Amino acid sequence: MTTTRAPRTQTQAASRTARDRARSKAERPTPWTFTVDEWERLIAAGVFRDGERVELIEGEIIAMPPMYSPHAACILWLAEFFIRRLPPDLQARVQLPLRLSSRSEPQPDIAIVRRRADNYRSGHPTGDGTPLIVEVSDSTLSYDRRVKAPLYARARVPDFWIVDLRHRVVEVHQHPTDGQYLNTANVRAGDTLITPFLPDVVLAIDEMLPSS
Amino acid sequence: MTVAPIEVTYINPHRIEPVEREEPARRTFTAAEFKKMAETGLLRPHERVELLDGEIIKIPAIGNRHAQSVIAFTTAFREYPTELFVLSVQGPLALSNKSMPVPDLVLLARGDGGYAGGIPEKASALLVVEVSDSTLWYDRNRRLPRYAEEGVPEVWIANLRHEVIEAYLEPHDGAYRVQTTYRRGESIVVAALPSVTVLVDDVIPLPVVRARRPARRS
């Protein structure tokens, strides 16, 4: 029997073979992940508080940061811009769920979807036929690039924009291939942006992102 | 409407500025929400889950030696009169608003301030036993600090890999001040129940002998 007055940290490294390490990694406790079906049942069961902004990304429940007014204003500008100009076969969804896969149901700030007569009452839209998703980014720029971009690329959404409020830049991500966007471009204030599925429409960055 | 891939004309291409990496804010759960999810069958019932620091954790399936050790501990504790303590085996322990682990065994006090029915509360816990095969890092670094923070007086980690029992006492500031390691041939007394003794040899199963390939002769 050996007794020690332990210091605060009590971890001890044990020497093991590489195979032991690999095996124990497979047997390690891991964060619980949810499927989209379980996620929707969680919502229906009232587990989340009223007005809580949460989304499911790769099986993990992520809390969205609070909605500040510059973010809200940009979303409103984009919503009005698209709603006024979309052809009859497309709709603009604002912060509504998109059932992208069996493990992901994000709520993108703007998602252009194919119009359905029932407005997707029977079930949230999937990524099929979604020509554009826009995420407005206040403090989440790194997360939007690292996690959201591959997510939408895997769903083969042809166009994904990250609106960087802080730097007044729109990052345009295109050409989703093998889970990432191959083409990326920055569009700044003073530039204009043409949406590929509305080729006659020109978006002025200055209007979307006015300097305050 | 199909959207064909488009030839991109770069408009003022700039290097994308790096930003500080920030972690996604995983939504944490309270013990009440966790219980509600378990009760309504939202957590797959055949999986082992617990709540630690608001995070729902999936525990890998129990292995042979682990199961054998839990049975051995149960057998050992069952030898004692039932008035001494209440024994909970692989049941949840309500530690806090954000933590409800499922330790392998818990000895709970009886009587006033002791076990009062339902899911056991931390105040009635006298000893927590964690049998640790592949979960040693998790038991020492995730569970143990929570037990210390919430004032569980004694924790034993039955370290099957090294064939010892690590006994932790005196929770203080999120850690245990005293650690004693018991080896084969030795016995441990429960600090809060001096008449309860466990022999290390009884509860640590023999190691599995892994077959080795004989060396090739040239």
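Residues numbered from 1 in each chain as written. Chains lettered and ligands numbered in written order. Predicted model: local features only at pLDDT ≥ 70, side-chain atom pairs only at ≥ 80, totals over all residues. Heavy atoms only, no water.

1. So, the overall build of chain A
Each helix and strand in chain A was counted, giving 5 helices and 12 strands. Burial analysis of chain A (212 residues in total) assigns 46% to the buried set. (Helix = DSSP H or I, 4+ residues; strand = E, 2+ residues; numbered from the N terminus. Buried < 20%, exposed > 50% of the residue type's maximum accessible area, 1.4 Å probe, protein only.)

2. Some details on the sheet that holds strand β2 (residues 30-31) of chain A
Pairing is antiparallel across the open sheet formed by 3 strands, whose spatial order is β2(A)-β2(B)-β1(B). Pairing within the sheet leaves two strands with one partner each, and these edge strands are β2 of chain A together with β1 (48-52) of chain B. Here β1 of chain B runs beside strand β2 (residues 55-59) of chain B; their pairing, made up of 5 bridges, is antiparallel. Looking at β2 of chain B, one finds that R48 of chain B is bridged to I59 of chain B. Contacts from helix α1 (residues 31-39) of chain B reach β1 and β2 of chain B within the one sheet, and its direction differs from that of β1 of chain B by about 165°. Taken strand by strand, helix α3 (residues 136-149) of chain B contacts β1 and β2 of chain B, and its axis lies near 50° from that of β1 of chain B. (Pairing = 2+ DSSP bridges. Contact = heavy atoms within 4.5 Å. Axes fitted to C-alpha atoms, helices over the stretch in contact; angles between N-to-C directions.)

3. Considerations on helix α2 (residues 64-78) of chain B
With 15 residues, α2 of chain B extends 21 Å from end C-alpha to end C-alpha; this agrees with the ideal 21 Å at 1.5 Å per step. Along α2 of chain B, the residues classified as buried are R65, H66, S69, V70, A72, F73, T74, A76 and F77 of chain B. (Expected span 1.5 Å × (residues − 1).)

4. Re the packing of aromatic side chains
All told, the structure shown has 13 aromatic pairs over all chains when counted by the stated rule. Ring geometry for F82 of chain A versus W161 of chain A: centroids 6.3 Å apart, planes at 40°, classification tilted. Of the two residues, F82 of chain A is situated in helix α3 (residues 69-85) and W161 of chain A in strand β8 (residues 159-164); the sequence distance between them amounts to 79 residues. Per residue, the accessibility class of F82 of chain A equals that of W161 of chain A, and both read buried. A ring pair is formed by F77 of chain B and F85 of chain B, whose centres lie 6.1 Å apart and whose planes are at 80°; its orientation type is edge-to-face. The exposure class of F77 of chain B is buried, given its relative accessible area of 1%. (Phe/Tyr/Trp six-rings, centres within 6.5 Å; stacked < 30°, edge-to-face > 60°.)

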